[in-house]
Amino acid sequence: MWNEVVLLASGLACGWSLVNLLAAPREQVRGIWVRLLLGAAAGLGMVIWLAVSSLSSGLAGLIIVAGTALIAYAANAKQVNRQPIVFPPHQPNVAADAAGSAVLLVTVAEPSQYNGPAYWSQALLLEDKVPHWMTRPRAYAHIRQAYALMGDSFPLDAELAALTHRLSATLPEVHIDYA
């Protein structure tokens, strides 16, 4: 009985961790790799232990691990795409009761850093060709990789920050921010 529990738990850990590995921000990837490898090691260890006594038991164990991993992947892939409504990536810092004038530069820009799938799950729905929910974790991995290639910072965000800084220096009596 315990071998079935180990097989199911390792399949669950592998499938669930694989989605998290694809969709998580870069700083969380290392810990997720550890969980994925521990789950895979437990499952493969149990499969090998079962295969030593009977090859058919080992094969059945491998099917259990793979099937559970597939189900866990599907469940977590569906869950990752159900993010709550998030605010735009950059909120202005203008107080409602601030005296004086304020200039707010508004742009359609992506977040300055990849912080997970929350923003992107909603942004992908606005595209003409929305990836299927099973493949969206892979799309998040591509987005994370694109941010890594840009130096973990979206260039437009840096340009807008520099522009607001230059405008603030030119117009010190006016609060300038972007959103």
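Everything here concerns the structure above.
Keep in mind that this is a model prediction, so the values were computed, not measured.

Rules used throughout
- Residues numbered from 1 in each chain as written.
- Predicted model: local features only at pLDDT ≥ 70, side-chain atom pairs only at ≥ 80, totals over all residues.
- Heavy atoms only, no water.
- Helix = DSSP H or I, 4+ residues; strand = E, 2+ residues; numbered from the N terminus.
- Expected span 1.5 Å × (residues − 1).
- Buried < 20%, exposed > 50% of the residue type's maximum accessible area, 1.4 Å probe, protein only.
- Arc of directions from axis to C-beta.
- Contact = heavy atoms within 4.5 Å.
- Phe/Tyr/Trp six-rings, centres within 6.5 Å; stacked < 30°, edge-to-face > 60°.

### Focus on helix α6 (residues 155-170)
Working step 1: Relative to the 22 Å expected for 16 residues at 1.5 Å per residue, α6 spans 23 Å between its end C-alpha atoms, a close match to the ideal helical length.
Working step 2: Within α6, the full set of buried residues consists of Asp 157, Leu 160 and Thr 164. Looking down the long axis of α6, one finds its buried residues gathered within 65 degrees of arc, a one-sided arrangement. Every exposed residue of α6 that faces more than 90 degrees away from the buried side is listed here: Glu 159, His 165, Ala 169 and Thr 170.
Working step 3: Contact partners of the buried residues in α6: β1 (102-105) and β2 (175-178).

### Description of the packing of aromatic side chains
Working step 1: All chains considered together, the criterion is met by four aromatic pairs.
Working step 2: Ring plane angle 40 degrees and centroid distance 6.3 Å describe the contact between Tyr 147 and Phe 154, whose orientation is recorded as tilted. The pair Tyr 147 / Phe 154 is uniform in exposure class, with both members buried.
Working step 3: Following the ring pairs from residue to residue traces out a cluster consisting of Tyr 114, Tyr 119, Trp 120, Tyr 147 and Phe 154.

### Digging into the environment of Asn 76
Working step 1: Among the secondary structure elements, Asn 76 is positioned in helix α3 (residues 55-80).
Working step 2: On the basis of relative accessibility, which here comes to 3%, the residue Asn 76 falls in the buried class.
Working step 3: Separated by 57 residues in sequence, Asn 76 and Val 19 have C-alpha atoms that sit 6.4 Å apart.
Working step 4: Look past the residues within four positions of Asn 76 in its chain and what remains in contact with it is Trp 16, Val 19 and Asn 20.

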